[in-house]
Amino acid sequence: MSEHWKSALESHWAIEAALHPLAGEYDLNFLAKTAEGEGYILKVMRTNCARNLVDLQVSALAHMADQPAASLFPDVLLTKKGLPFVCVEGPEGEARLLWLLQQLPGRSYAQSFPKTPDLVFDLGRTIGITDSALESFQHAGIDRDFKWNLMQSLWIKPELAIVADPIRRSILDKIVMDFTSIVPLLESLPQQALHNDINDYNILVADDFFAPRRITGLIDLGDMCRAPRICDLAIAAAYVVLYQTDPEATLEALVLGYHTVNPLQPEELDLLWPLLQMRLAVSVVNSTKMAQADPDDPYVVISQAPAWQFLEQNTVHAGLLLARLRVACGFPITSSAEAVHAYLKKMRGHFAPVIAANLSVAPMWSLSVEQSCVPVDPFELSSSEAAQVVGALASEDAVCLGYYKEPRLIYTAPAFYKGPWKASDRRTVHLGIDVFAPQGTDISAPMTGRVHVVENRSTSLDYGGIIILLHEIPDGACFYTFYGHLDPSVCETLFIGQIIQAGEVFCRLGGATQNGGWTPHLHFQLALTTKGLGKDWPGVANADELGFWTQICPNPAALLNLPDEKVTYVPTDKAQVLADRQAYFGANLTLSYADPVMFLRGWKHHLFDEWGRPYLDAYNNVPHVGHAHPRIQSVAADQLQRLNSNTRYLHPARTAFAKKILSKLPTGLEVCFFVNSGSEANELALRLARAHTTGKGMITPDHGYFGNTTGAVEISAYKFNAPGGIGQSDWVELVDVADDYRGQFGRDDPDRAQKFADTVDQAIERLGAKDIPLAGFIAETFPSVGGQIIPPQGYLRGVYAKIRAAGGLCIADEVQTGLGRLGDYYFGFEYQDVVPDMVVLGKPLGNGHPIGAVITTREIADSFAKGPEYFSTFGGSVLSCRIGKEVLDIVDDEGLQQNAHRMGNRLLSGLRRLQTKHAAIGDVRGMGLFIGVDLVTNPGSKGEATDLARYVKNRMRAHRILLGSEGPKDNILKIRPPLTITRDDVDMILTILDQILTEVN
Ligand SMILES: Cc1ncc(COP(=O)(O)O)c(C=O)c1O
């Protein structure tokens, strides 16, 4: 059939093109592609299509061509005779109207991932621009009877019986009822021409994956009609929410985008949610009807499944959504909000005291992420911690206050989480003020109110007794106050509707056994509306939703006769820290991520930013046994109470640490040097090698990194060969990294280990030719910055034999690979079946405390001892030695090497599964929790996918997972979590990575 339309295209437009059918409800649409790559959309209208319908669209497009929205809409191509459309005989002799449009760039919104808030905002903007352009468009065709005009959508009401499922039917009944109630308001709004079908297949998105996401066009004006502009936005909203885990945030972005270019009125916002639901209802009723009439047509049910899923699983709180949209658009949260604020301001200082104490002199007690260490485990507040959140103050009769808007980690119950993972979104920010006072303290009403709710919430860590009072101000406006953690006996003394006079004692503070298990205190909160809240007020909000939560529940300080500033928590300003950092430090002290993160607490393999948002740390290998390990905290605190001195005095902690390290190493490695960093350790290793061999020449693999000191940089090709680097010194010779994925010898070559090792021969010769005697060979046992490489087994055996034969020493940098990270091996050289002459340790050895070490043979140490005294002021301090030994003990005591083995295997096999699914994963390599994922542009060519790696890293961060990228072209994802990582966290990494790579596909 397309042959027929192909020749029509040629005869009327003189365009030769291949036709590819596109989906459509009534019309035949084709993508016409010429040999030169030009793209057009050929529209073959349904038989008996009114000319007016095509004329409507052609006229609308002509109108748009003169508007700011021009680039968003396609041009109509005139026929050879200069006509916008023609009537052509179809293959069955029927008359069809044909017209031709330029193809717009981009892919459909439905097929574009990820649908980020920025993209949704841009969509809102696009619709706003379009509606304002269409406001002045007039055409008789827009005033028609039309089932897709939301103004006429009540046609579904008598059709609802078609939906047999009673649950689905009741959902639709409710939607129709809600819609009916807004009809008068809807009909009172101005009406204009609208696109009216901004669905996910009619929205085009720029295909440039790594650029910011943006809308390139809106297509298909075939459903144009006249209605209030909010209908256009509601229709788009109905499709946009289907794909989102956070529909409220999505709608906020969409509405805000619209509002910035085409300001909305508060009453229009009221209509968005009922209209959105009504559009979905029309869509499912329509498709159910059509499916009945034509069970074989797939198009009719194309959007039904996601629409039903959304309607059935809908958790959107209409009241809260509206509040959120109002705040986003800059409107007061309720029509009486300004009056209530003015009243509270005027009455501040004149309210009756809530407790009999002078709160203006009461000290503040912070439970913030930044200033408090409660709870010790930010994922589990213990009952004893809950009962003593204010520490020593709790035992006194003193009164103190807890901050409004303070981010806290004490809310650890599942109800505070929004997703399945520990690093999922979590509510942290306190919306009330705490008044800590002894159990039994009398509480009075700050002003007259009526009891609205009185209840006992007896679950552990809930509120115990609660009361909500409704207050009316002189002009009739209302607001509510909430009192939590009360003695539950109030349930017997108060009744709903009871009037409480200003200053009347109406409840008392509960003790820990009555108030949910907390230190006795009053949770005092204010709300301007309970619409959407009911009686279950959240006392704590998500940091990213504070914009509207602080409008619903403003600071209640005035009711306590306190200035707002006293009780408002002000977290450290990240932007200021960033500005200060730029002012006080050098530009090559780089930060991760374009929008840097500021972490204020850590626990095991998670980190928390200034608002308490949790992140899974899959990147940092320094906190080897986990962030903030209690045993490390305690030995450090213990030792700092006693003494911290240097190696010139005896101390048993030093020898105990040495013994522990040596117990992990092969015989022969028996002398320890303690320093402060990996760099210092490598620097010392160079001196030891020179002292022992009297040579200076060093051989090392390309792209290696050994540290930031002068000598370490000279052997680190990653640094000296970097742009602006110092270049290669004559005493340093490079060999290829033994990378059997990208290197010259591949995994299919059984002799590759020896062949890579043989490259050392020429390096030795090159040094000889320069008359530079060999001191040794140094390598990261598994090169990390070189791309998380696992050299083939036998490589180091071959290299070491050649180096030793040439009189050199062999140094193994185990900074990244040592101490059990590899799971199967405590040190990487064990896998290579060699014993180095020197082993260098750093990073994980102190779990964050600066420690490095070199361990060598007695013979080498003796050669070095012939020189001047060796002394490092801080290297081997008592504190460092106690911490270092504790780290090694914890690895043993907690079975962390075994955990690295188990979790590493789980992660590696999961990543290999992803590799079979995503062509972008060229290679997965690693051992234990030392893992690299090599991203490629094409698996055949192994082209390095640098942009993709950056993209994935940033998207993972957006999902709260930290990982790095590495390798000469920075295309290798680097995964090196603390060894405490668990199955759930591994599964989170795999799930999210799969999701992100699917977006890219
Ligand atoms: C393999 C290796 N060696 C040495 C160092 C230097 O350690 P430091 O930064 O503690 O000086 C590093 C640091 O990243 C490293 O990865």
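Before reading on, note that the structure itself is shown above.
Described in the following lines is the structure provided in the data block.

What counts and how
- Residue numbering note: each chain is counted from 1, following its sequence as written.
- Whole-chain, interface and lining totals are the exception, using all residues; otherwise, since this is a predicted model, local features are given only for residues with pLDDT of at least 70 and side-chain atom pairs are given and counted only at 80 or more.
- Excluded from the side-chain calculation are hydrogens and water; included are all heavy atoms of the structure.
- Starting at the N terminus, helices and strands are each numbered in turn, a helix being any DSSP run of H or I of at least four residues and a strand any DSSP run of E of at least two.
- For every residue, the accessible area obtained with a 1.4 Å probe (protein chains only) is divided by the maximum for its type, and the residue is called buried under 20%, exposed over 50%, and partly exposed between those limits.
- Residue contacts are defined here by distance: any two heavy atoms, one from each residue, within 4.5 Å place the two residues in contact.
- Each accessible area is a Shrake-Rupley estimate made with a 1.4 Å probe; only the visible protein chains count as cover when residues are assessed.
- Any pair of N or O atoms that falls within 3.5 Å is considered a polar contact. Within protein, one atom must be able to donate a hydrogen and the other to accept it, and sequence-neighbouring residues count only if both atoms are side-chain atoms.
- Note on ring pairs: Phe, Tyr and Trp rings are taken, using the six-membered ring of Trp, and paired if centres are within 6.5 Å. Classes follow the plane angle, with under 30 degrees stacked, over 60 edge-to-face and the rest tilted.
- To get an axis, a line is fitted to the C-alpha atoms, and for a helix only the part in contact is used. The angle between two axes follows their N-to-C directions and goes from 0 to 180 degrees.
- Roughly parallel here means an angle under 35 degrees, roughly antiparallel means over 145, roughly perpendicular means 65 to 115, and every remaining angle is called oblique.
- Crossings are classed by handedness, with left-handed meaning an anticlockwise turn of the near helix from the far one by less than a right angle and right-handed meaning a clockwise turn.
- Any residue outside Ala, Val, Leu, Ile, Met, Phe, Trp, Tyr, Cys, Pro, Asp, Glu, Lys and Arg is labelled polar, Gly included; the first ten of those are nonpolar and the last four are charged.
- Pairs of strands are assigned from DSSP output, requiring at least two bridges between the strands.
- Near is defined per residue: the residue qualifies when any heavy atom it owns lies within 4 Å of the molecule or strand.

## Regarding the overall build of the chain
Check the secondary structure of the chain and you find 28 helices and 38 strands. Projected onto its principal axes, the C-alpha coordinates of the chain cover approximately 100 × 90 × 50 Å. Counting the 1001 residues in the chain, one finds 58% classified as buried. In the chain, the share of contacts with a sequence separation of at least 24, taken over all contacts with a separation of at least 6, comes to 74%. For the chain, the accessible area works out to roughly 40300 Å², and carbon and sulfur atoms hold 52% of it.

## A short note on the side chain of T130
Take T130: it is sitting in helix 3 (residues 117-134). Classification of T130 as buried rests on a relative accessible area of 0%. Separated by 2.7 Å, the side chain of T130 and the backbone oxygen of T126 make a polar contact.

## Considerations on the packing of aromatic side chains
This model, assessed by the stated rule, comprises 25 aromatic pairs. Pairing Y483 with F506 gives two aromatic rings, centres 5.0 Å apart and planes at 90 degrees, and the pair type is edge-to-face. In this pair, Y483 is assigned in strand 19 (residues 478-486) and F506 in strand 21 (residues 505-508), connecting sequence segments 23 residues apart. For the pair Y483 and F506, one class covers both residues: buried. With 5.8 Å between their ring centres and 75 degrees between their planes, F673 and F864 make a pair best called edge-to-face. Note that F673 is positioned in strand 27 (residues 671-675) and F864 in helix 24 (residues 858-865), a separation of 191 residues in sequence.

## Some remarks on the packing of helix 27 (residues 946-958) against helix 28 (residues 983-1000)
Closest axis-to-axis distance for the helix 27/helix 28 pair is 10 Å, and the angle between their directions is 130 degrees. Of the possible angle classes, the one that applies to helix 27 and helix 28 is oblique. For the pair helix 27 and helix 28, the crossing hand works out as right-handed. Contacts between helix 27 and helix 28 involve L948, Y951, V952, R955 and M956 from the first element and I989, I992, L993, I996, L997, E999 and V1000 from the second. When grouped by side-chain class, the residues that make up the contact of helix 27 with helix 28 number 10 nonpolar, no polar and two charged.

## Section: the pairing of strand 15 (residues 433-436)
Taken residue by residue, a regular strand's side chains alternate between the two faces of the sheet. What you see with strand 15 is no split at all: I433 and V435 on one side and D434 and F436 on the other are buried throughout. Two elements, strand 13 (residues 400-402) and strand 15, share three bridges in a ladder whose sense is antiparallel. In the sheet register, L401 faces strand 15, and the bridge partner there is V435. With four bridges connecting them, strand 15 and strand 22 (residues 521-527) associate as antiparallel partners. Paired with F436 across the strands is H521, a residue of strand 22.

## Concerning the site of the ligand
The full set of residues close to the ligand is S677, G678, S679, N682, Y705, F706, G707, E780, D813, V815, Q816 and K843. In the model, an oxygen atom of the ligand is placed 2.8 Å from a nitrogen or oxygen of the Q816 side chain. Isolated, the ligand exposes 400 Å² of accessible area, and the fraction of that covered by the protein chains is 85%. Among the residues forming the shell around the ligand, the class breakdown is three nonpolar, six polar and three charged.

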